[in-house]
There are 2 protein chains.
Amino acid sequence: MATSKNAVEPLVIGIDIGGTGTKFGIVDRVGNVLFSSQMSTKKHKTIETFIDDLYNNLKPLIDKAGGVGRIKGIGVGAPNGNYYSGTVEYAPNLPWKGILPLAKLVQDKFKLPVVLTNDANAAAIGEMMYGAAQGMKDFIMITLGTGVGSGIVANGHLIYGHDGFAGELGHTIIIPDGRMHEGTGKRGSLESYASATGVTLTALELLKNTKKKSVLRDVKPEEIDSKKVFDAAIAGDELAKEIFEYTGKILGMALANAVMFSSPEAIILFGGLTKAGELILKPTREHMEANLIQVFQNKVKILVSHLKESDAAILGASALAWEIK
Amino acid sequence: MATSKNAVEPLVIGIDIGGTGTKFGIVDRVGNVLFSSQMSTKKHKTIETFIDDLYNNLKPLIDKAGGVGRIKGIGVGAPNGNYYSGTVEYAPNLPWKGILPLAKLVQDKFKLPVVLTNDANAAAIGEMMYGAAQGMKDFIMITLGTGVGSGIVANGHLIYGHDGFAGELGHTIIIPDGRMHEGTGKRGSLESYASATGVTLTALELLKNTKKKSVLRDVKPEEIDSKKVFDAAIAGDELAKEIFEYTGKILGMALANAVMFSSPEAIILFGGLTKAGELILKPTREHMEANLIQVFQNKVKILVSHLKESDAAILGASALAWEIK
């Protein structure tokens, strides 16, 4: 579709609400983030002051983009965001509890149509529209950040499930009676191992339960995080490499199960842990293949998202808004 | 749609190919199996003699139903049946090895259009068309027989995956490094526990590793099977009840993972093991709920298929044929 820059080409707003911060921007049809900014999520004790602040931050960007008349709609990605009801329900990482009518609150404030889904589903749509999943009808998006999120696309459509909450691979149980997840009270979930938090916990366990030499022994336990483990592994530290090996083993098992479920063409990984590159990708690939039955072996691509991390969350959320009728 | 019985109401053929036997029948639009019969699968050393025999058995039924002109098409359910390619690939339970062009062979012999999928996918379509899943857009079908099969429906469509092989929940790993599956060489899969074979293995393990009294101790180990365990449990045998409790525990964990994947409205169970009723359903339900995060709890129905077992396989396969254009 040919458009000229000064014509009334429609734009959309993408808002990605995270536990710590919220990113937002104005996006054109081909995925250019024209204007963007961010603000704190967690300093807002109530959802109402958060929405007011969001409006005050976005209004100047909307004006710069040519005014509200150019905006087709708003896509919002948020933890536990429900596509069907427009609500955020019991999100452990957000400062506001219970069931929040988020889409309605944003819609009333901005006077624009709003679509909501969870952040990983939004990321999947972003990859399908602008990223590594262009042209794919069957793929799984996995976000490896503080937690583990997922969005599953089958037959060209995101799977929302009967209630809008499908795609919680991070909470599937990989190690029965395994590591406790403080947020959910469940044991052995993927998220308790294959997240930044999980890497830190694995580091603390290995430091405590083995005698292996490691530069991580010079770091105070409360200061160990996935970044320090990464730096140590890159510098050749054997224990640090073992931490990623273990993380990849658990992730690979989980991916094998996901593949045997929906048989995707590719699994697209996104988020902080992917920066470890082959340190985590190699064991992930190996353990995925080792757990697949023959008919699935050597078929599924594991790809790392190539969307710019600063833009990806906004792009994903914004992609939702193009579907507004 | 109103039809009169003596008009040219179209009919379809359903063929369900199992490792031991093959069932087939002629079905009308509302799911009446008008004519049906069965024959051996395993006595046929080649697929060609199998197809010849199938034709010779079906031809008289087709004639009774009014001739080939009334038949719209043939739906075939078979282990590892591929919807896209029409082939059966590396099916461990069939007597013929490698990649078999099954749909083409049936089509050439019968001169009718043929659709193929795996047996559990066919069962899912059967439930959606004639059974417990009527009106549902998101559900999972699980067949608990000699093995464990599954068919996953999301957004009203069966998930075939990029290659046609989606829905192999039976091979997902539930217990890492757990029980060896002789057919796949993988450890800890759902099928190695929650199948008739799995129940037998659990019985042998518990008899060997515990000192508990049980009527099963009077049975020769090589004669123990899921039927004998069932009879013992019904008669109040504590060890036999424990076997179903354990089977339900593993199945419940697997169902929790499946729910967190695609968030179905219901899980529909079918097959021999469901005859154990609450002996297996109660622990299955309890362990599923115990492993679900809050947002999924107390929402998902576990239903047992109410299709007549002798008809269900034929109905499932036949349902595919209505989709032929």
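Bear in mind the structure is a predicted one, so any value in this text is a computation, not a measurement. Once a new chain begins, its residue numbering starts again from 1 and follows that chain's sequence as written. Here every chain gets a letter starting at A, and every ligand a number starting at 1, in the order they are written. Since the coordinates come from a predicted model, pLDDT governs what is reported: local features require at least 70, and pairs of side-chain atoms require 80 or more to be given and counted, while whole-chain, interface and lining totals use all residues. Water and hydrogen atoms were dropped before computing side-chain values, which therefore reflect all heavy atoms in the structure.

Enquirer: Please provide a residue-by-residue account of the overall build of chain A, values included.
Expert: The number of helices and strands found in chain A is eight helices and twelve strands. The globule rule puts the C-alpha radius of gyration for 325 residues at 20 Å, and the 20 Å found for chain A is close to it. Along the first, second and third principal axes, the C-alpha atoms of chain A reach 65 × 45 × 35 Å. Here chain A holds 325 residues, and the buried ones make up 57% of them. Counting only contacts in chain A whose residues sit at least 6 apart along the sequence, the fraction spanning at least 24 positions is 64%. Here the Shrake-Rupley method, with its probe set to 1.4 Å, supplies the accessible areas, and only the displayed protein chains count as covering residues. Of the roughly 13500 Å² of accessible surface on chain A, a fraction of 53% belongs to carbon and sulfur atoms. Helix numbers and strand numbers start at the N terminus; a helix is a DSSP run of H or I with at least 4 residues, a strand a run of E with at least 2. Based on C-alpha atoms, the radius of gyration is set beside the globule rule, defined as 2.2 Å times the residue count to the power 0.38. Working definition: with a 1.4 Å probe on protein chains only, accessible area under 20% of the residue-type maximum means buried, over 50% means exposed, and in between means partly exposed. Any two residues having at least one pair of non-hydrogen atoms within 4.5 Å are treated as being in contact.

Enquirer: Tell me about the interface of chain A and chain B, and name the residues and values.
Expert: Listed as interface residues are 45 residues of chain A and, on the opposing side, 45 residues of chain B. Between chain A and chain B lies a buried interface of about 3800 Å² when both sides are counted; carbon and sulfur atoms form 63% of it. Counted as salt bridges are all cases of a side-chain nitrogen of Lys or Arg within 4 Å of a carboxyl oxygen of Asp or Glu. Between K299 of chain A and D163 of chain B there is a salt bridge, with its nearest N and O atoms 2.7 Å apart. Pairs of N or O atoms within 3.5 Å make up the polar contacts considered here, provided that, within protein, one atom can donate a hydrogen while the other can accept it, and that residues adjacent in sequence are counted only when both atoms are side-chain atoms. Inspection of the chain A/chain B interface yields 20 residue pairs in polar contact (both at pLDDT 80 or more). Among the secondary structure elements, those contributing two or more residues to the side of chain A that touches chain B are β9 (148-154), β10 (157-158), α6 (238-262) and α7 (278-291) of chain A. At six residues, α6 of chain A tops the list of elements feeding residues into the side of chain A that touches chain B. Gly falls in the polar group here, along with every residue not listed as nonpolar (Ala, Val, Leu, Ile, Met, Phe, Trp, Tyr, Cys, Pro) or charged (Asp, Glu, Lys, Arg). Taken together, the residues that form the side of chain A that touches chain B break down as 24 nonpolar, 14 polar and seven charged. Reported buried area values correspond to the accessible surface (1.4 Å probe) lost by two parts on association, with both partners' losses combined.

Enquirer: Tell me what's going on with the packing of helix α4 (residues 196-209) of chain B against helix α6 (residues 238-262) of chain B, and back it up with residues and numbers.
Expert: Residues and elements named next belong to chain B. Between N-to-C directions, angles span 0 to 180 degrees; the directions come from axes that are lines fitted to C-alpha atoms, helices contributing only their stretch in contact. Their axes nearest at 10 Å, the elements α4 and α6 cross at an angle of 125 degrees. The orientation of α4 with respect to α6, classified from their angle, is oblique. For α4 against α6, the interelement crossing comes out right-handed. Contacts from V199, T202, A203, L206 and L207 of α4 reach α6 at L239, E242, I243, Y246 and T247. Among the residues making up the contact of α4 with α6, the classes are represented as seven nonpolar, two polar and one charged. Angles below 35 degrees are treated as roughly parallel, those above 145 as roughly antiparallel, those between 65 and 115 as roughly perpendicular, and all remaining angles as oblique. Crossings are sorted by hand: turned counterclockwise from the far helix by less than a right angle, the near helix makes the crossing left-handed, and turned clockwise it makes it right-handed.

Enquirer: So, the pattern of salt bridges: which residues are in play, and what are the values?
Expert: Residues and elements named next belong to chain B. Applying the stated rule across the entire model yields 24 salt bridges over all chains. In this structure, K301 and E265 form a salt bridge, with 3.5 Å as the shortest nitrogen-oxygen distance. With K301 in strand β12 (residues 301-304) and E265 in the loop between α6 and β11 (266-270), the pair connects residues that are 36 residues apart, well separated along the chain. For K301, a relative accessible area of 38% translates into the label partly exposed.

Enquirer: Any details on the relation of the copies chain A and chain B? Residues and values, ideally.
Expert: Superposing the two chain copies requires a rotation about an axis and a translation along that axis. Each copy superposes on the other: chain A lies on chain B with an RMSD of 0.0 Å after a rotation of 180 degrees and an axial shift of 0.0 Å. Classification of the inter-copy transformation places it as that of a two-fold axis. Here 100% of the contact residues of chain A are again contact residues in chain B; the copies associate through an equivalent surface. Here the copies were fitted onto each other by least squares, based on C-alpha atoms from residues at pLDDT of at least 70 in both.

Enquirer: How would you explain the pairing of strand β2 (residues 21-27) of chain A if you had to name every residue and give the values?
Expert: Residues and elements named next belong to chain A. Burial within β2 is extensive, with five of its seven residues counted as buried. Where strand β1 (residues 11-17) meets β2, six bridges bridge the pair, whose relative direction is antiparallel. Counterpart to I17 in the pairing with β2 is T22. At least two DSSP bridges between two strands are needed for those strands to be called paired. In sequence, β1 turns back onto β2 through a hairpin of three residues. The pairing of β2 with strand β3 (residues 33-40) spans seven bridges and is classified as antiparallel. Across the sheet, residue G25 finds its bridge partner in β3, namely S36.

Enquirer: Talk me through unusual backbone geometry; I want residue IDs and the actual numbers.
Expert: Backbone geometry places K111 of chain A, a non-glycine residue, at a positive phi of 55 degrees. Structurally, K111 of chain A can be placed in the loop between α2 (102-110) and β7 (114-117). Of note, the phi angle at N298 of chain B is positive, near 55 degrees, even though the residue is not glycine. Position of N298 of chain B relative to the elements: it lies in the loop between α7 (278-291) and β12.

Enquirer: Could you give an account of helix α4 (residues 196-209) of chain A, naming the residues involved and the relevant values?
Expert: Residue and element names in this part refer to chain A. When the terminal C-alpha atoms of α4 are compared, their 20 Å separation across 14 residues agrees well with the 20 Å that a helix rising 1.5 Å per residue should span. Where α4 is concerned, the buried positions are G198, V199, T200, T202, A203, L206 and L207. Those residues of α4 hidden inside the fold are in contact with α5 (226-234) and α6. By this rule the span expected of a helix is its residue count minus one, scaled by 1.5 Å.

Enquirer: Report on the sheet that holds strand β7 (residues 114-117) of chain B, specifying residues and quantitative values.
Expert: Residue and element names in this part refer to chain B. Judged by pairing direction, the sheet is mixed, and its five strands sit side by side in the order β3-β2-β1-β4-β7 without closing on themselves. Every interior strand has two partners, whereas the edge strands, β3 (33-40) and β7, have only one. Averaged over neighbouring strand pairs, the angle between their axes works out to 15 degrees when direction is ignored. Across the face of the sheet, helix α3 (residues 119-130) comes into contact with β1 (11-17), β2 (21-27), β4 (71-77) and β7 while running at roughly 110 degrees to β7.

Enquirer: Explain the packing of aromatic side chains to me, using residue names and the numbers behind them.
Expert: All names here are of chain A. For Phe, Tyr and Trp, rings pair up if their centres lie within 6.5 Å, where Trp contributes its six-membered ring, and each pair is then called stacked (planes under 30 degrees apart), edge-to-face (over 60) or tilted (otherwise). Taken as a whole, this structure holds 13 aromatic pairs over all chains when the rule is applied. Ring centres of F50 and W96 lie 4.8 Å apart, and the angle between their planes is 50 degrees; this geometry places the pair in the tilted category. Residue F50 is found in helix α1 (residues 47-64), and its partner W96 is found in the loop between β5 (88-89) and β6 (99-100); the two are separated by 46 residues along the sequence. Since its relative accessible area comes to 5%, W96 is described here as buried. Through pairs of rings, three or more aromatic residues link up here, namely Y83, Y84 and Y160.

Enquirer: Before we move on, could you go through the domain arrangement of chain A and cite the residues and values that matter?
Expert: All names here are of chain A. Taken domain by domain, chain A comprises domain 1 (11-126 + 310-321) and domain 2 (136-305). Residue ranges assigned to each domain were obtained from an automatic or database domain assignment. Look at where the C-alpha atoms of domain 1 and domain 2 centre, and you get two points 27 Å apart. On the domain 2 side, the residues contacting the 15 residues of domain 1 number 18 residues. Carbon and sulfur atoms make up 63% of the area that domain 1 and domain 2 hide from each other, which totals about 1200 Å². When residues of domain 1 are sorted by the area they lose upon contact with domain 2, Y84, N121 and A124 head the list and together hold 36% of the total. On the surface where domain 1 and domain 2 come into contact, there are zero salt bridges. Along the contact surface separating domain 1 from domain 2 lie two residue pairs in polar contact (both at pLDDT 80 or more). Taken together, the elements giving at least two residues each to the side of domain 1 that touches domain 2 come down to α3 (119-130) and α8 (309-321). Considering each element in turn, the side of domain 1 that touches domain 2 owes the most residues, five residues, to α3.

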